[in-house]
Amino acid sequence: MSEWFDAGPLESIDEPGSRGFALREGAGASFFVVRKEGQVMAFRNRCPHTGAPLEWQPHQFLDVDNGFIQCALHGALFRVRDGHCLRGPCVGQSLDALPLEVSEGRIRVDISAL
Ligand code: FES
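Below is a summary of the structure that appears in this document. (Residues numbered from 1 in each chain as written. Predicted model: local features only at pLDDT ≥ 70, side-chain atom pairs only at ≥ 80, totals over all residues. Heavy atoms only, no water.)

Overview of the overall build of the chain
In terms of regular secondary structure, the chain is built from zero helices and 10 strands. Going from N to C terminus, the chain has its helices and strands arranged as β-β-β-β-β-β-β-β-β-β. Whereas a compact globule of 114 residues would reach a radius of gyration of roughly 13 Å, the chain reaches 13 Å, a difference of no more than 12%. For the chain, the spread of C-alpha atoms along the principal axes amounts to about 40 × 30 × 25 Å. Looking at the 114 residues of the chain, the share that counts as buried comes to 42%. A separation threshold of at least 6 residues defines the contact pool for the chain, and within that pool the share at least 24 residues apart is 46%. Total accessible area computed for the chain in this model is approximately 6100 Å², and 47% of it derives from carbon and sulfur atoms. (Helix = DSSP H or I, 4+ residues; strand = E, 2+ residues; numbered from the N terminus. Rg over C-alpha atoms; globule rule 2.2 N^0.38 Å. Buried < 20%, exposed > 50% of the residue type's maximum accessible area, 1.4 Å probe, protein only. Contact = heavy atoms within 4.5 Å. Areas by Shrake-Rupley, 256 points an atom, 1.4 Å probe, with all protein chains shown as cover.)

Brief notes about the sheet that holds strand β1 (residues 4–9)
Taking strand neighbours across the sheet as the criterion, the three strands line up as β1-β10-β9 in an open arrangement whose pairing is antiparallel. Edge strands, defined here as strands with exactly one partner in the open sheet, are β1 and β9 (100–103). Between one strand axis and the next, the sheet turns through 25° on average, direction left out of account. In terms of strand pairing, β1 meets strand β10 (residues 106–110) through five bridges, oriented antiparallel. Note on β10: the bridge partner recorded for Phe5 is Val109. (Pairing = 2+ DSSP bridges. Axes fitted to C-alpha atoms, helices over the stretch in contact; angles between N-to-C directions.)

Next up, the structure:
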């Protein structure tokens, strides 16, 4: 069953940019939303390499060029549109995408899988 979380207004996240959300303590209970080139995606904040959280600093999930999601620990690069790892120690694996919808300018994320 879906459990929708209100992640706030779409314009609260820069384009391109990202924002993290922590539901409870621990990487498995947090997720982030990323915007790039019209795409809005949500992923569990858990690197498939070691299970570590990905961000460089709070809310910073994109690389310096805002081209890819980048893991701060060993530098793996993930495609924004599907979370697929293109470079790094977990190449070929993917971030866990969460269902997301934008309704009346607000982001809603299904957190039932967290
Ligand atoms: S923990 Fe993410 S690349 Fe190693």
